Amino acid sequence: MQFVEANGARIPAIGLGTWEMRGRNCARIVEQALRLGYRHIDTAEMYDNERDIGEGVRASRVSRSEVFITTKVWQTHLAPPELERSTKESLARLRLSEVDLLLIHWPNPQIPLAETIGALCKMKKVGYARNIGVSNFTVPMMQEAVHLSTEPLVTNQIEWHPYLDQSKVVAEAHRLGLSITAYSPIARGRAAGDAVLKAVGAAHKKTAGQVCLRFLVQEGAIVIPRTSKVERLEENMSIFDFTLSDAEMEEIRKLARLKGRIVNWGGAPDWDE
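The structure displayed is predicted, hence computed values, not measured ones.

Caption draft 1: A look at the overall build of the protein chain. The helix and strand tally for the protein chain stands at ten helices and ten strands. Its C-alpha atoms give the protein chain a radius of gyration of 18 Å, near enough to 19 Å, the size a compact globule of 273 residues would have. Projecting the C-alpha coordinates of the protein chain onto the three principal axes gives extents of approximately 55 × 45 × 30 Å. Taking as baseline every contact in the protein chain between residues at least 6 positions apart, the subset at least 24 positions apart corresponds to 76%. Accessible surface for the protein chain amounts to roughly 11700 Å². Of this, 48% is attributable to carbon and sulfur atoms. The centroid of the 35 positive side-chain charges in the protein chain is displaced by 4 Å from the centroid of its 34 negative side-chain charges.

Here is the structure:
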């Protein structure tokens, strides 16, 4: 396993995304992932699967100290009292005393960011979260969040895959000392049939999806692909035994577009800032 370090945090470079995974199957996949060597599990209040995540972690019998668990506070719970209540409820569902990383899931322009960041910092200070960060923040939002925070922010979790140009957000995050966590890194399966990615993969005896993940890791990202299939868990983990050349990296970068987003939520920020 490789790790990405940022502002004191040491985050496994690949994790398991769990959006839309619930119930017994979710717990089983988390258990299998950890037994296969995953050490990073990503969840959120909004996913409604934190109980299942906790069950899977316990069933794996992997030491809690070895597992990096991320959860997120939903955008309607960003006022300080709500953020604290939400965090405590997430911990209760996970049956944990703390998470490794607590994120603001989406910004909420109706609630002053200063209040939200202050509450987020408090969650670290009181020991509910070892690290804190943001998700779906634009460049100006990241800058403001870092300015307001009295604790180091360690990541900005954003949609990032070869079809979406996130170079401005990535560059500014790194300038500010934050890592980037890429969700939907295989573009919800779109990468699997891409001719460019398949051709690059053939040269390395890898799938297009593995090339996609490897590309992002070489760009410095933490990747959290989601899968409900055990065989895909193994495939997604097998990205550390090959390296893409500079020419291959540049060829993949050419797939990116400013309007290449596939995830759209109501109230999402203007990403072209």
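Caption draft 2: Quick look at the environment of Glu89. If you trace the backbone, Glu89 turns up in helix H3 (residues 80-94). Taking relative accessible area as the criterion, Glu89 reaches 31% and is therefore assigned partly exposed.

Caption draft 3: Summary view of the layout of surface pockets. One number sums up the size of the largest pocket: a volume of about 610 Å³. Lining the largest pocket are 32 residues, with Ser184, Pro185, Arg188, Pro225 and Arg226 sitting closest to its centre. Contributions of two or more residues to the lining of the largest pocket are made by helix H8 (208-218) and helix H9 (230-237). The dominant element in the lining of the largest pocket, judged by the number of residues it contributes, is H9, at three residues. Here the lining of the largest pocket is composed, by residue class, of 14 nonpolar, twelve polar and six charged.

Caption draft 4: Region of the structure containing the confidence of the model for the protein chain. Taken over all residues, the pLDDT of the protein chain has a mean of 94, while the share at 70 or more is 97%. The low-confidence segment residues 266-273, where pLDDT is below 50, has 20 contacts with residues more than four positions distant or belonging to other chains.

Caption draft 5: The sheet that holds strand S4 (residues 40-42), seen in detail. The strand order across the open sheet formed by eight strands is S3-S4-S5-S6-S7-S8-S9-S10, and the pairing between neighbours is parallel. Every other strand in the sheet has two partners, leaving strand S3 (16-17) and strand S10 (222-223) as the edge strands with one partner each. Relative to S10, strand S9 (residues 179-183) runs parallel, the two sharing two bridges. Bridge pairing links Thr181 to Ile222 in S10. In this fold helix H6 (residues 167-175) packs onto strand S8 (153-159) and S9, with an angle of close to 145° to the strand it touches most, S9.

Analysis parameters
Residues numbered from 1 in each chain as written. Predicted model: local features only at pLDDT ≥ 70, side-chain atom pairs only at ≥ 80, totals over all residues. Heavy atoms only, no water. Helix = DSSP H or I, 4+ residues; strand = E, 2+ residues; numbered from the N terminus. Rg over C-alpha atoms; globule rule 2.2 N^0.38 Å. Contact = heavy atoms within 4.5 Å. Areas by Shrake-Rupley, 256 points an atom, 1.4 Å probe, with all protein chains shown as cover. Lys, Arg positive; Asp, Glu negative; His and termini not counted. Charge placed at Lys NZ, Arg CZ, Asp CG, Glu CD. Buried < 20%, exposed > 50% of the residue type's maximum accessible area, 1.4 Å probe, protein only. 1 Å grid on protein atoms, 1.4 Å probe; cavity = no way out; pocket = protein on both sides within 12 Å on 5 of 7 lines; lining within 4 Å. Points joined across faces, edges and corners; volume = space filled by probe spheres on them. Nonpolar A, V, L, I, M, F, W, Y, C, P; charged D, E, K, R; others polar. pLDDT = per-residue confidence, 0-100. Pairing = 2+ DSSP bridges. Axes fitted to C-alpha atoms, helices over the stretch in contact; angles between N-to-C directions.

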